[in-house]
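# Structural description and commentary
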Amino acid sequence: MTRRQYADHQQAAARLRSRPNMWLPVAEYRSTESAKHVAHQIRTAYQAPGHAPTPYQPTGAFEASTELTEYGARVIARYIGGGQ
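In this text the structure is predicted, and so the values were computed from the model without any measurement. (Residues numbered from 1 in each chain as written. Predicted model: local features only at pLDDT ≥ 70, side-chain atom pairs only at ≥ 80, totals over all residues. Heavy atoms only, no water.)

In this structure, Leu16, Val26, Ile42, Tyr56, Phe62 and Val75 are the most contacted members of the largest nonpolar core, which totals 19 residues. Sorting the residues of this core by element identifies helix 1 (9–18), strand 1 (24–29), helix 2 (32–44), strand 2 (62–68) and strand 3 (73–79) as the ones contributing at least two each. Those residues in contact with Phe62 that sit more than four places away from it in its chain are Ala13, Leu16, Arg17, Ile42, Arg43, Pro55, Tyr56, Gln57, Arg78, Tyr79 and Ile80. (Core = buried A, V, L, I, M, F, W, Y, C linked by side-chain atoms within 4.5 Å. Buried < 20%, exposed > 50% of the residue type's maximum accessible area, 1.4 Å probe, protein only. Helix = DSSP H or I, 4+ residues; strand = E, 2+ residues; numbered from the N terminus. Contact = heavy atoms within 4.5 Å.)

Have a look at this one:
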């Protein structure tokens, strides 16, 4: 079994900001629950205690969803601007 590469969320957020309103892939996960969790964190700009600020700030600036793939689920997102 190959190891999954970790998502570079700084890079993903920058790519999304450079193409407003366009749905783009963020990362693929083996579990649909993991993908749904990450999509929720993107939408809410969740910042884990003790970690660096999320690149998806402010809250509401990004929309995120999941789609099934052959190997699990992919998170897709788009930058819509604004937010709180």
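This paragraph deals with the pairing of strand 3. With 5 of its 7 residues buried, strand 3 lies for the most part within the structure. Bridge count between strand 1 and strand 3: 5 bridges; the pairing is antiparallel. In the sheet register, Tyr29 faces strand 3, and the bridge partner there is Ala73. Counting the residues in the hairpin turn of strand 2 and strand 3 gives 4 residues, including Gly72, whose phi is positive at 155°. (Pairing = 2+ DSSP bridges.)

A few words now on the pairing of strand 2. It is a general feature of regular strands that their side chains alternate between the two faces of the sheet. Pairing of strand 2 with strand 3, which is carried by 7 bridges, proceeds in the antiparallel orientation. Following the sheet pairing, Glu63 is matched in strand 3 by Arg78.

Scanning the model with the defined rule gives 2 aromatic pairs in all. Aromatic pair Tyr56 and Phe62: ring centres 5.2 Å apart, planes at 90°, arrangement edge-to-face. For Tyr56, a relative accessible area of 3% puts it in the buried group. By relative accessible area, which is 2% here, Phe62 ends up buried. Ring centres of Phe62 and Tyr79 lie 5.1 Å apart, and the angle between their planes is 55°; this geometry places the pair in the tilted category. One end of the pair, Phe62, is in strand 2; the other, Tyr79, is in strand 3, and 17 residues separate them in sequence. Its relative accessible area of 18% is what places Tyr79 among the buried residues. (Phe/Tyr/Trp six-rings, centres within 6.5 Å; stacked < 30°, edge-to-face > 60°.)

For the rest of this paragraph, the subject is the pattern of salt bridges. A complete count under the given rule lists 3 salt bridges for this structure. Put simply, Glu67 and Arg74 hold a salt bridge, and the shortest N to O gap is 2.7 Å. Several salt bridges converge on common partners, so that one network encompasses Glu28, Glu67 and Arg74. (Salt bridge = Lys/Arg side-chain N within 4 Å of Asp/Glu carboxyl O.)

Here we take up the side chain of Thr69. Tracing the sequence through the fold places Thr69 in the loop between strand 2 and strand 3. Side-chain polar atoms of Thr69 contact the side chain of Glu28, separated by 2.6 Å. Apart from residues lying up to four places away in sequence, Thr69 is in contact with Glu28 and Arg74. (Polar contact = N/O pair within 3.5 Å; in protein donor to acceptor, adjacent residues only side chain to side chain.)

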